[in-house]
Amino acid sequence: MPAYKRILLKLSGEALMGDDAYGINRATIVRMVQEVREVTQMGVEVAVVIGGGNIFRGVAGGSVGMDRATADYMGMLATVMNSLALADTMRQEGMTARVMSAIAIEQVVEPYVRPKALQYLEEGKVVVFAAGTGNPFFTTDTAAALRGAEIGAEIVLKATKVDGVYTADPKKDPEAKRYSRISFDEAITRNLQVMDGAAFALCRDQKLPIKVFSIFKPGALKRVVQGEDEGTLVHV
């Protein structure tokens, strides 16, 4: 029995690279989609926000010295590419996905319209939110917090390379301990970088819990959705 009815899953673009230097690793995206499918089959409504770092990394050298807003718009367009790849992989896995973009590119994807997004979720479709918030200077973490609050998600699931929030960097410190759960205030006091500041503040203000877990751990998403002790829960 799932612990949540509606979730917002935040995937980093880097997560799609697998072991590649940049771009989309086919086996990796298929495995991630299969994890999402398993959750949707439990009756959970899933919305996804994806970053663009895997594509932007390939052109990062050319963006040196570039205007920040221009670079951010390039990053947003990279998330549209990732969203299309994600939705098409979902189609191949027998799921129905809809991509909704915060930037209007109507020949390619639908514009983001909140009532339509809610309708899709209620119909059991996966909604992939592309182009971040549609504004420069805001990260896709902030987009995840914003869309999560807008659609009434019960939790934001931040999928990372690490299986939770630790007292120190587990790669550098073998003594580092994973927090099973921690409050927003405690995370701020201990200066734990859970999400960027704007995203974190928005989740805290909206009393929207965050769960940090590893997307590379097989079955972790399902365990999180079932309310098991997987990753770190950041709560009010």
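Residues numbered from 1 in each chain as written. Predicted model: local features only at pLDDT ≥ 70, side-chain atom pairs only at ≥ 80, totals over all residues. Heavy atoms only, no water.

1. Some details on the overall build of the chain
In step 1: Along its length, the chain carries eight helices and nine strands.
In step 2: The C-alpha atoms of the chain give 17 Å as radius of gyration, which agrees with the globular expectation for 236 residues (18 Å, within 12%).
In step 3: By principal-axis analysis of the C-alpha atoms, the chain measures approximately 50 × 45 × 35 Å.
In step 4: A total of 236 residues make up the chain; the buried ones form 50% of that total.
In step 5: At a minimum sequence separation of 6, the contacts of the chain that also span at least 24 residues come to 73%.
In step 6: Summed over its atoms, the accessible surface of the chain is roughly 10,900 Å², and 52% of this surface lies on carbon and sulfur atoms.
In step 7: One way to put it: in the chain the 28 positive side-chain charges average out to a point 2 Å from where the 28 negative ones average out. (Helix = DSSP H or I, 4+ residues; strand = E, 2+ residues; numbered from the N terminus. Rg over C-alpha atoms; globule rule 2.2 N^0.38 Å. Buried < 20%, exposed > 50% of the residue type's maximum accessible area, 1.4 Å probe, protein only. Contact = heavy atoms within 4.5 Å. Areas by Shrake-Rupley, 256 points an atom, 1.4 Å probe, with all protein chains shown as cover. Lys, Arg positive; Asp, Glu negative; His and termini not counted. Charge placed at Lys NZ, Arg CZ, Asp CG, Glu CD.)

2. Some details on the layout of surface pockets
In step 1: Taken as a whole, the largest pocket holds about 460 Å³ of empty space.
In step 2: Every residue lining the largest pocket is counted, 26 residues in all, and those nearest its centre are Gly51, Gly52, Gly53, Thr139 and Thr140.
In step 3: Secondary-structure elements contributing two or more residues to the lining of the largest pocket are α2 (53-59), α3 (68-92) and β6 (155-160).
In step 4: Element by element, the count of residues in the lining of the largest pocket is highest for α3, at six residues.
In step 5: In terms of residue class, the lining of the largest pocket is built from seven nonpolar, 13 polar and six charged.
In step 6: Roughly 350 Å³ of volume is contained in the second largest pocket.
In step 7: Together, 17 residues line the second largest pocket, and Val162, Gly164, Val165, Gln193 and Val194 are the ones closest to its centre.
In step 8: Within the lining of the second largest pocket, the residues separate by chemical class into nine nonpolar, three polar and five charged. (1 Å grid on protein atoms, 1.4 Å probe; cavity = no way out; pocket = protein on both sides within 12 Å on 5 of 7 lines; lining within 4 Å. Points joined across faces, edges and corners; volume = space filled by probe spheres on them. Nonpolar A, V, L, I, M, F, W, Y, C, P; charged D, E, K, R; others polar.)

3. Here's the deal with unusual backbone geometry
In step 1: Within the chain, Ala131 stands out as a residue other than glycine whose phi angle is a positive 70 degrees.
In step 2: Inspection of the secondary structure puts Ala131 in the loop between β5 (126-130) and α5 (140-150).
In step 3: Assessed through its relative accessible area of 0%, Ala131 is described here as buried.
In step 4: Unusually for a residue other than glycine, Phe137 sits at a positive phi of about 75 degrees.
In step 5: Within the element layout of this structure, Phe137 appears in the loop between β5 and α5.

4. Notes on the packing of helix α1 (residues 26-40) against α3
In step 1: The contact between α1 and α3 brings their axes to 9 Å, and the two run at 65 degrees. One element, α1, and the other, α3, form an angle in the roughly perpendicular class. Where α1 crosses over α3, the handedness of that crossing is right-handed. In contact with Arg26, Ile29, Val30, Val33 and Val36 of α1, α3 contributes Ala85, Leu86, Thr89, Met90 and Gln92. (Axes fitted to C-alpha atoms, helices over the stretch in contact; angles between N-to-C directions. Parallel < 35°, antiparallel > 145°, perpendicular 65-115°, else oblique. Left-handed = near helix turned anticlockwise from the far one by under 90°.)

5. Re the environment of Leu233
In step 1: One can find Leu233 in strand β9 (residues 232-235).
In step 2: The exposure class assigned to Leu233 is buried, which follows from its relative accessible area of 14%.
In step 3: Here the alpha-carbon distance between Leu233 and Pro209, two residues 24 residues apart in the chain, equals 7.1 Å.
In step 4: Those residues in contact with Leu233, other than ones at most four positions away along the chain, are Ile155, Ser180, Arg181, Ile182, Pro209, Ile210 and Lys211.

6. Notes on the sheet that holds strand β7 (residues 181-183)
In step 1: Reading across the sheet, the nine strands line up as β4-β3-β5-β2-β1-β6-β8-β9-β7 and stay open at both edges, with mixed pairing between neighbours. Of all the strands in the sheet, the pair left with one neighbour each is β4 (110-111) and β7.
In step 2: The pairing of strand β3 (residues 97-101) with β5 spans five bridges and is classified as parallel. Counted as the bridge partner of Met100 is Phe129 from β5. (Pairing = 2+ DSSP bridges.)

7. So, the UniProt feature "binding site: UMP" (unreviewed entry) in the chain
In step 1: Per the UniProt record, the feature "binding site: UMP" (unreviewed entry) sits at Gly52, Asp72, Thr133, Gly134, Asn135, Pro136, Phe137, Phe138, Thr139 and Thr140. The annotated residues occupy 89 residues of the chain but converge on a single region, no pair of C-alpha atoms lying more than 14.3 Å apart. Of the annotated positions mentioned, Gly52, Asp72, Thr133, Asn135, Phe138, Thr139 and Thr140 line the largest pocket.
In step 2: Here Gly134 lies in the loop between β5 and α5.
In step 3: Setting aside anything within four residues of it in sequence, one finds Gly134 in contact with Tyr73, Met76, Ala102 and Ile103.
In step 4: Within the secondary structure, Pro136 is located in the loop between β5 and α5.
In step 5: When its relative accessible area of 13% is taken as the criterion, Pro136 is described as buried.
In step 6: Sequence-distant contacts of Pro136, defined by excluding residues within four places in its chain, comprise Ala69, Asp72, Tyr73 and Met76. (UniProt positions renumbered as here; feature names shortened; annotations may be inferred.)

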